[in-house]
Amino acid sequence: MSDPDSLPDVTPPKSKPDPEHPKPFNTDDIDEGEEDDDDENDVEYDEEDAKGEVFGEPNRPKPQSREAQFRSEKLKMDSLLQRMQSGPVSVRVHDVIIKGNTKTKDHVIEAETEVLNNVGSMQELLKASQIVNLRLQALEIFDSVKITLDSGPPELPGTANVIIEVVETASPLSGQIGAYTKAEARSSTVEGSLKYKNFFGYGDLWDGSLAYGYDHSAELSAGVFLPKFKGLVTPVSARAYLLSQDWLKFSSYKERSMGLSLGLFSTPYHDLAYNLAWRTLTDPSQMSSRSIRRQLGHNLLSSLKYTFKFDRRNSTMRPTRGYAFVSTTQIGGLAPDSRSLRFLRQEFDLRYVVPLGFYHAALNFGVSGGVVFPWGNGFSSRPSSLPERFFLGGNISPVCALGGPTALWGFKTRGLGPTEPKRQVNNESADPSGVDFVGGDLAVTALADLSFDLPFRWFREKGIHAHVFACAGNVAKLTENEYRNISVQKFVESLRSSVGVGLVVPTSLFRMELNYCYILKKLDHDRAKTGVWLTFSAAS
């Protein structure tokens, strides 16, 4: 693979015209009004060189030696660099020539080169070529991408041709397997996936995956991603899945879903997706609380989800400067079916990182919130959908969990929020004091994290650093007329909070933290502990 950060190559001139390799970009052709008065570029011939000429052939210049070509090209490059330093060098793109794609359609590559049509100087052309290189490599269907800048036709001075040479991947089939911990995961999962690249030549990526959790959760899915299909301005994707999640340990129900997700619109900042799923909630234990029993059975999820996101932080694993914002809006109930879940859900997450200027220290602030509410006739007295509610806690780092209220240091998965007593059964082994965490309709979290380097060279070289943190959060119920019983004062007074200190080991795949957490405030039924915690978190 070529280095994405390297500048596009400039091919040296050839002694004879070659239709497959146009002549290189000539600095004399950039500005029509400038002339080259340097005699050092002239080619001199001596008697020894003349001995190789054949008698009777017409007189013609003998090709330059390799050393002469090198000197001539070096002088031109030095002149070009001096002019680029003094100011813009006018140039426009005459043609984009694509080579090496035997399977990939031309329009797939051309769609990533549109930025070249708007350049007006050599400086802009170099930057645009780097962007094109990165975009083509991001398609994941080429082993290497090489961009060469050559001069345009002699009759069109001040123009350049851009030659893009790609090498399609030699092995379109790939696979991977690994163990991961996700936000709200009860335990680690083992995941395996297979991916086939560019099957139809549209840059299409086909993949299938299987995930199994140690808590008996499982997911089987298959999908396709099309970066640019038939002139569409944004990528499209589709994914079918079968999902089974076991929440018996926390909320006395199991969730099974079979559905389809369609990515309708996707840009670096905006994403629009449609989800259609048939969902079933069951309680094999027959011990679920009253509110959970009311939601057992089948329902239809038909929702439209819009996400606005920008992340200007310099790192997702250890941010030391920048800011980020995510807003997610979801509306459910778009199918004309009585079992279709009708709800509105809104989430946001804001992060800001302040560099402190010593020991690579930075102060990371974050605040996130979310609200979910049913809509339709009698919405205020109806409960919200159980899987759409907010549950806080989990064995992940809030620094990495960008997207909405999810985790607090020191609190276990679904470890805080509204609870209800489980159903009492005539079973001596049953826990009479057991409760179900039923989640909430309103959630708010906040964090402050101070990270800094340790005074040991080996730790700094490995990226291992320390941090001191504090966090707070709360979940409350609004539906079924509960909003009448909540106030800002009550919500603030019931905030849960914790502080701590720890050691962070960032890797390319995940962030590992060894923390000591001290619980400042929790309620009676909250699941939290003061002590040592080991967390593994992937970037959101």
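Position numbers for residues start from 1 in each chain and track the written sequence from start to end. Given that the model is predicted, a residue must reach a pLDDT of at least 70 before its local features are reported, and side-chain atom pairs must reach 80 or more before they are shown or counted; all residues, however, enter totals for whole chains, interfaces and linings. Where side-chain values are given, they derive from all heavy atoms of the structure, hydrogens and water being excluded.

1. So, a nonpolar patch on the surface
Phase 1: Taken together, the side chains of Val468, Val501, Leu503, Leu509, Phe510, Leu514, Tyr516, Tyr518, Leu520, Val532, Leu534 and Phe536 define a hydrophobic patch exposed on the protein surface, amounting to about 1100 Å² of accessible area.
Phase 2: The helix and strand labels rest on DSSP assignments: H or I over at least four residues marks a helix, E over at least two residues marks a strand, and numbering proceeds from the N terminus. When contributions to the nonpolar patch are tallied by element, the ones reaching two or more residues are strand E19 (496–506), strand E20 (511–521) and strand E21 (531–537).
Phase 3: The element contributing the most residues to the nonpolar patch is E20, with four residues.
Phase 4: For Leu534, the position within the fold is in strand E21. What goes into a patch is any residue over 30% in relative accessible area without a salt bridge, connected to like charges within 9 Å or, for nonpolar side chains (Val, Leu, Ile, Met, Phe, Trp, Tyr), within 5 Å. Under the convention used here, a 1.4 Å probe and the Shrake-Rupley method define accessible areas, while residue burial counts only the protein chains that appear. Salt bridges are counted wherever a side-chain nitrogen of Lys or Arg sits within 4 Å of a carboxyl oxygen of Asp or Glu.

2. Observations regarding the pairing of strand E13 (residues 343–355)
Phase 1: Note that strand E12 (residues 322–332) and E13 share eleven bridges and pair antiparallel. Bridging from a neighbouring strand, Tyr323 pairs with Tyr352 of E13.
Phase 2: Where E13 and strand E14 (residues 362–374) come together, 13 bridges link them in antiparallel fashion. Its bridge partner lying in E14, Val354 is registered against Leu363.
Phase 3: Here E13 hands over to E14 after six residues, with Gly357 in that stretch at a positive phi of 85°. Two strands are said to pair when DSSP picks up at least two bridges between them.

3. Quick look at the side chain of Asp441
Phase 1: The topology assignment puts Asp441 in the loop between strand E16 (435–437) and strand E17 (442–453).
Phase 2: To sort residues, take the accessible area from a 1.4 Å probe on protein chains only and compare it with the maximum for the residue type: under 20% means buried, over 50% means exposed, and anything in between is partly exposed. Under the convention used here, Asp and Glu are negative, Lys and Arg are positive, and both His and the chain ends fall outside the count. It is Arg389 that comes nearest to the buried, bridge-free Asp441 among opposite-charge side chains, at 4.4 Å.
Phase 3: Those residues within four positions of Asp441 in sequence are excluded, and the remaining contacts are Gly370, Val371, Val372, Ser384, Arg389, Phe390, Ala476, Lys477, Leu478 and Thr479. Residue contacts are counted whenever heavy atoms from the two residues lie within 4.5 Å of one another.

4. Examining the nonpolar core
Phase 1: For the purposes of this section, nonpolar cores are sets of buried Ala, Val, Leu, Ile, Met, Phe, Trp, Tyr and Cys residues that join through side-chain atoms within 4.5 Å. With 25 residues, the main nonpolar core has Leu125, Leu136, Phe142 and Val162 as its most contacted residues.
Phase 2: Counting residues per element, the ones that place at least two in this core are strand E1 (92–99), helix H3 (106–110), helix H4 (122–138), strand E2 (142–151) and strand E3 (159–168).
Phase 3: Among the elements that make up this core, the one with the highest residue count is H4 (six residues).
Phase 4: What Leu136 contacts, discounting residues up to four positions off in sequence, is Ile109, Glu112, Phe142, Val145 and Ile164.
Phase 5: Ranked by size, the runner-up nonpolar core spans 22 residues in total, among them Leu341, Phe390, Phe469 and Ile519.

5. Thoughts on the pattern of salt bridges
Phase 1: By the definition in use, this model includes 13 salt bridges.
Phase 2: With a shortest N-O distance of 3.2 Å, Asp349 and Arg351 are connected by a salt bridge. You'll find Asp349 and Arg351 in the same group, each marked buried.
Phase 3: Lys477 is the salt-bridge partner of Glu480, the closest N and O atoms lying 2.7 Å from each other.
Phase 4: Several salt bridges share partner residues, and in doing so they unite Glu255, Arg279 and Glu388 into one network.

6. As for the environment of Thr282
Phase 1: Along the chain, Thr282 falls in strand E10 (residues 270–282).
Phase 2: The spacing of Thr282 and Gly297 is 15 residues in sequence and 6.4 Å in space, taken between C-alpha atoms.
Phase 3: If sequence neighbours within four positions are ignored, Thr282 has contacts with Ser252, Tyr253, Lys254, Arg256 and Leu296.
Phase 4: Identification of polar contacts relies on pairs of N or O atoms within 3.5 Å, with a donor-acceptor requirement for protein atoms, meaning one able to donate a hydrogen and the other able to accept it, and with residues adjacent in sequence counted only if both atoms are side-chain atoms. At 3.5 Å, the side chain of Thr282 forms a polar contact with the side chain of Arg256.

7. Topic: the environment of Ala324
Phase 1: Here Ala324 is to be found in strand E12.
Phase 2: For the pair Ala324 and Lys309, spaced 15 residues apart in the sequence, the C-alpha separation amounts to 7.7 Å.
Phase 3: Residue contacts for Ala324: discarding those within four places in its chain leaves Phe310, Asp311, Arg313, Asp349, Leu350, Arg351 and Leu402.

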